[in-house]
Amino acid sequence: MEQNENFLQVRDLVVEYTSGGQVVHAVNGVSLSLDRGQTLGLVGETGAGKTTIAKAILDILPNPPAKVRSGEILVDGQDILKLSEHEKLKIRGNKIAMIFQDPMTALNPVMSVGEQITEAVLLHNDFTRTQAEARTVEMLEMVGIPGQRYVEFPHQFSGGMKQRVVIAMALACDPELLLADEPTTALDVTIQAQVLEMINDLKTKLNTSMILITHDLGVVAETCDNVAVIYAGKIVEFGTKRDLFKAPAHPYTLGLFDSLPKMDDDSKELHPIPGLPPDPTNLPRGCSFHPRCPRATEACSREGEIPMIELSPGHFCRCIRTGGNN
Amino acid sequence: MEEKNALVEIQGLKKYFSSAGGINHAVDDINMKIQRRTTMGVVGESGCGKSTLGRTIIRLYDPTEGKILLDGEDITEVRGRKLRKVRERMQIIFQDPYSSLNPRMSVEETIREPLKESRRFSRKELEEKVDELMDQVGIEDRLRLSYPHEMDGGRRQRVGIARAIALNPDFIMCDEPVSALDVSIQAQVLNLLMRLQDRLGLTYMFVTHDLSVVRHISDNISVMYLGQLVETAPTRELFRNQLHPYTKALLSAIPSIDIDRPMQRVQLKGEITSAINPKPGCRFAPRCLFATEACNQPQTLTEVEKDHFVSCCRVNEIN
């Protein structure tokens with residue numbers, strides 16, 4: 001995964017939450033990198049740690065209960081975690097912006113949508129109010145909302161429109177990195193199609209890098225260059241979109257594909273992954289997936305880190321039963 | 001769509017709500033037949049009235065107009081004890097198992113409640129029934145005394161299912177039952193629903209916005225747009241040959257996991273509007289690429305091919 005000119009590099013990120021005296025191991029040594037203009041998909045189920053990774057990149061995890069135990073997050077070579085609060089403010093919403101999953105709760109209900117975007121623009125740019133308002137109108141129109149709706153409040157917009165407002169706000173300061181946390185999960189498919197197309201267009205136009213968090217493999221297939229599959233706070237497989245969709249290797253990735261009802265297959269029975277994701281306060285020894293894995297052997301439950309194996313250039317898999325010896 | 005023995009039949013069903021902006025035509029003149037032991041999938045976007053339709057059919061809402069027949073018997077107006085009997089035969093599984101279960105009742109109590117209410121079982125029989133139901137839906141016995149907050153979404157949904165099948169219903173209206181679940185858990189619950197249908201001879205109405213799920217589980221599919229039925233056909237036929245412009249757009253919008261198949265997407269302009277004080281005529285027309293003057297006239301659902309009904313006056317010209 002090491003490449004030069006990486007705009008974003010995350011190294012060995014470990015994040016824990018403390019709750020009721022118990023330690024929740026949310027992110028357990030995640031490393032990833034992202035080039036300019038590229039989109040990386042983070043795929044995994046609820047509780048896998050996807051959102052925690054994104055929030056750690058912005059350093060907006062609530063502390064307590066969350067604590068970044070170790071790791072480095074380099075943006076343009078600068079370690080975010082080592083910056084002062086004042087310097088972080090300059091990066092958040094400016095260099096790195098985030099689109100949250102639920103547009104209904106991401107907007108201020110008692111402020112017009114235009115004001116909310118203008119506020120962000122004024123905060124990060126040397127604009128006069130008039131310039132900032134003009135920029136807001138420009139952004140609204142870019143995402144397909146007529147400029148006259150500047151004065152309207154969030155409740156006057158539909159879900160899809162609200163998500164566009166959130167996207168307009170995120171893009172208003174020309175971020176270099178966009179963290180999109182399930183940006184279309186709350187939307188209907190036809191609106192999802194419009195929003196994904198819009199995000200793809202804007203990304204190409206502005207050469208923005210993006211991390212797209214989703215549980216929907218179809219969305220990944222349409223938008224991402226690279227994909228990281230996360231299970232219990234670890235990347236279990238990483239590769240290009242082609243690697244992941246044409247030659248998935250990790251038993252968990254295979255399980256995810258098997259769980260999906262196929263559009264072109266009439267078989268009656270689905271093949272779900274048996275069992276449940278592990279309790280993050282008490283992760284299994286060895287490979288976290290071994291209790292649910294059809295290929296697991298005794299070796300998989302031995303103490304110690306399962307290494308990432310490079311199956312082909314750029315395609316990594318964290319499984320001792322896959323790859324070289326198989 | 002055969003004429004004989006539909007378990008559930010609705011005729012000209014309407015459900016209007018009054019809202020601040022006027023009258024919301026949430027369900028507007030819908031005809032539908034659901035055959036015994038089959039699944040009718042109902043798809044459409046949020047606000048299209050699919051849940052309202054389901055809830056009106058099982059008499060959670062009083063219909064504004066129209067008829068609901070259960071096994072040939074008119075249940076549109078039944079009240080009191082008779083309605084209770086109808087409710088035993090028509091059950092519902094809700095989308096969010098967390099908010100639909102009582103947080104202060106254990107698994108055992110939740111499943112026992114409908115059985116107890118029916119006053120048909122002795123104390124001993126109640127316990128046996130609870131055991132049997134937990135076994136049928138795959139909830140481990142050790143969870144008997146657990147509360148909803150102690151369980152994951154998949155297990156909570158299993159409890160909701162156990163409760164729905166407790167009194168041997170004929171018909172279950174499944175209102176987005178797997179939308180809140182992760183894919184691996186979603187597959188477990190879908191398998192369970194299909195197994196129960198086979199074993200207990202259930203008839204489902206399956207309301208969802210997830211088209212790959214609906215394709216997997218349904219025998220027939222109805223597509224709704226702003227309170228109206230725009231197209232209905234057997235599942236295979238609908239996925240092979242969509243005739244209504246909205247259905248085409250809806251199906252083409254599904255993100256595909258096949259990265260080699262180029263997307264040929266029918267992009268829609270605009271967004272779903274609302275069913276408040278609608279104009280006569282096709283409600284999809286403002287977003288439709290093929291709309292003409294004629295679309296401002298009221299549309300009728302017509303059988304275009306065998307069992308394949310479409311509500312579009314331009315269906316022959318555009319296909």
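Each remark here, short or long, concerns the structure printed above.
Notes on the structure follow.

Residue and element names in this part refer to chain A. That bond from Asn-63 to Pro-64 is cis: its omega, -15 degrees, falls within 30 degrees of zero. Tracing the sequence through the fold places Pro-64 in the loop between helix H1 (50–58) and strand E4 (66–75). In this model, Pro-64 is joined to Pro-65 through a cis peptide bond whose omega is 5 degrees. Relative to the assigned elements, Pro-65 resides in the loop between H1 and E4. Its identity as a non-glycine residue notwithstanding, Asp-174 has a phi of 45 degrees, on the positive side. With respect to the element layout, Asp-174 can be found in the loop between helix H6 (159–171) and strand E7 (177–181). Under the relative-accessibility criterion, Asp-174 is labelled partly exposed at 46%.

In this section: the pattern of salt bridges. Scanning all chains against the criterion turns up 48 salt bridges over all chains. Between Lys-246 of chain A and Asp-258 of chain B there is a salt bridge, and its shortest N-O distance comes to 3.9 Å. Taken as a pair, Lys-246 of chain A in helix H9 (residues 241–246) and Asp-258 of chain B in the loop between helix H10 (245–252) and strand E11 (302–305) lie in two separate chains rather than in one. Asp-307 of chain B serves as the salt-bridge partner of Lys-306 of chain B, at 3.1 Å between the closest nitrogen and oxygen. Sharing partners across several salt bridges, the network here consists of Glu-108, Arg-112, Glu-127, Asp-131, Asp-141 and Arg-144 of chain B.

Soluble, globular proteins show a tendency: their nonpolar side chains are buried together. Judged by nonpolar contacts, the single largest core of 56 residues is most densely connected at Ile-167, Phe-245, Tyr-252 and Leu-256 of chain A. Looking at this core element by element, the count peaks at 7 residues for H6 of chain A. Dropping the residues within four chain positions of it, Leu-256 of chain A is found in contact with Val-43, Glu-45, Leu-217, Val-229 and Ile-273 of chain A together with Val-183 of chain B. Counting residues in each nonpolar core, the second largest holds 38 residues, with Ala-164, Tyr-204, Phe-206 and Val-213 of chain B among its members.

In this section: the sheet that holds strand E9 (residues 220–225) of chain B. All names here are of chain B. What the 8 strands build is an open sheet, ordered E6-E7-E8-E3-E9-E10-E12-E11; its pairing is mixed. Both edges of this open sheet fall to strand E6 (90–93) and E11, since each of them pairs with a single strand only. In this sheet, neighbouring strand axes are inclined to one another by 25 degrees on average, regardless of whether the strands run parallel or antiparallel. Relative to the sheet, helix H2 (residues 80–89) contacts E6 and strand E7 (171–175), its axis offset from that of E6 by approximately 55 degrees. Contacting strand E3 (39–43), E9 and strand E10 (228–234), H10 runs over the sheet at an angle of about 105 degrees to E9.

This part is about the sheet that holds strand E5 (residues 78–79) of chain A. Residues and elements named next belong to chain A. The strand order across the open sheet formed by 4 strands is E2-E1-E4-E5, and the pairing between neighbours is antiparallel. Each having just a single partner strand, strand E2 (22–34) and E5 make up the two edges of the open sheet. Where H1 meets the sheet, its contacts fall on strand E1 (8–19), E2 and E4, and the angle it forms with E1 comes to roughly 110 degrees.

Here is what the cut-offs are and how they apply
- Residues numbered from 1 in each chain as written.
- Chains lettered and ligands numbered in written order.
- Predicted model: local features only at pLDDT ≥ 70, side-chain atom pairs only at ≥ 80, totals over all residues.
- Heavy atoms only, no water.
- Helix = DSSP H or I, 4+ residues; strand = E, 2+ residues; numbered from the N terminus.
- Buried < 20%, exposed > 50% of the residue type's maximum accessible area, 1.4 Å probe, protein only.
- Salt bridge = Lys/Arg side-chain N within 4 Å of Asp/Glu carboxyl O.
- Core = buried A, V, L, I, M, F, W, Y, C linked by side-chain atoms within 4.5 Å.
- Contact = heavy atoms within 4.5 Å.
- Pairing = 2+ DSSP bridges.
- Axes fitted to C-alpha atoms, helices over the stretch in contact; angles between N-to-C directions.

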